[in-house]
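Here are the chains, one letter per residue:
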Amino acid sequence: LMPKDDDSRVIGLFGDVEENKVAQIIGMMLDMAESAEVEKPTELVKDEAGNEVAKEEEVEILPIEFLLSTPGGSADDMFALYDIMRVVKEKCPIVTFGIGKVMSAGVLLLAAGTKGQRKIGKNCRVMIHSVIGGTSGSFHNLENEMAEMRYMQEAYLRALSDESNMSVAQLKRVINRKVNVYLSAEEAVKM
């Protein structure tokens, strides 16, 4: 997480996608979305008669720049941030930039940037895999946990499909390899 000064519109997520970082990022994104509209200075132009008149005021929408370098983390926290990003994008663009490594939960956050404004470093490593979980307990409790993991997996695949060029079926084929799937920056861009 990068500290921001009054004019900065850059947020960084470095390290795990976890509750405390996500809560701070959500607050920063919401604040930046509220201050995204900036009036451009009034220009004087000449009308048909040659008189100088004030040009209609224009409003510029400043984007939020979101840098990501993460090994992933909590699916619940990922979805909390993803949902806020979808709301914020209605007010202002979010430029996402993957650097270093973008893995697991970070992949959806990178993909959630405004289409056409998502970037990735040439040497960034991207990794996707199926949902990871662990629990112990009674047979019925384990069945319940497995059902929840299946739900999270489906939700993740639907969201990633919405933000990418891949269908849910294509994504399932990738993660059904049952290993961590590493992609180069070029491969990630194609997907």
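Check the entry above for the structure.
Every value quoted in this text rests on a predicted model; they were computed, and no experiment measured them. (Residues numbered from 1 in each chain as written. Predicted model: local features only at pLDDT ≥ 70, side-chain atom pairs only at ≥ 80, totals over all residues. Heavy atoms only, no water.)

By secondary structure assignment, the location of Met149 is in helix H4 (residues 139–163). Here Met149 falls in the partly exposed class, since its relative accessible area comes to 24%. Between the C-alpha atom of Met149 and that of Glu65, which follows or precedes it by 84 residues, the distance is 31 Å. (Helix = DSSP H or I, 4+ residues; strand = E, 2+ residues; numbered from the N terminus. Buried < 20%, exposed > 50% of the residue type's maximum accessible area, 1.4 Å probe, protein only.)

Before going further, it helps to spend a moment on unusual backbone geometry. One non-glycine residue with positive phi stands out, namely Ser104, at about 55 degrees. Considering the arrangement of structural elements, one finds Ser104 in the loop between strand S7 (94–103) and helix H3 (105–111).

Our focus in this paragraph is the pattern of salt bridges. Tallying each qualifying case throughout the model produces 4 salt bridges. Across the pair Arg86 and Glu163 runs a salt bridge whose closest N-O atoms are separated by 3.6 Å. A residue pair is termed long-range when its members are at least 10 positions apart, and Arg86 in helix H2 (residues 75–88) and Glu163 in helix H4 qualify at 77 residues. Linked by salt bridges that have partners in common, Arg86, Lys89 and Glu163 make up one network. (Salt bridge = Lys/Arg side-chain N within 4 Å of Asp/Glu carboxyl O.)

It is worth spelling out the pairing of strand S6 (residues 64–70) at this point. A regular strand carries its side chains on alternate faces of the sheet. With respect to burial, S6 is a largely interior element, 6 of its 7 residues being buried. Two elements, strand S1 (residues 10–14) and S6, share 5 bridges in a ladder whose sense is parallel. The residue bridging Phe14 from the neighbouring strand is Ser69, located in S6. Note: S6 against S7, 6 bridges, orientation parallel. Looking at the pairing, Ile64 lines up with Ile94 of S7. Read as a crossover between parallel neighbours, the route from S6 over H2 to S7 is right-handed. (Pairing = 2+ DSSP bridges. Right-handed = clockwise from strand over helix to strand, strands pointing away.)

Read these as geometric descriptors, not functional statements.
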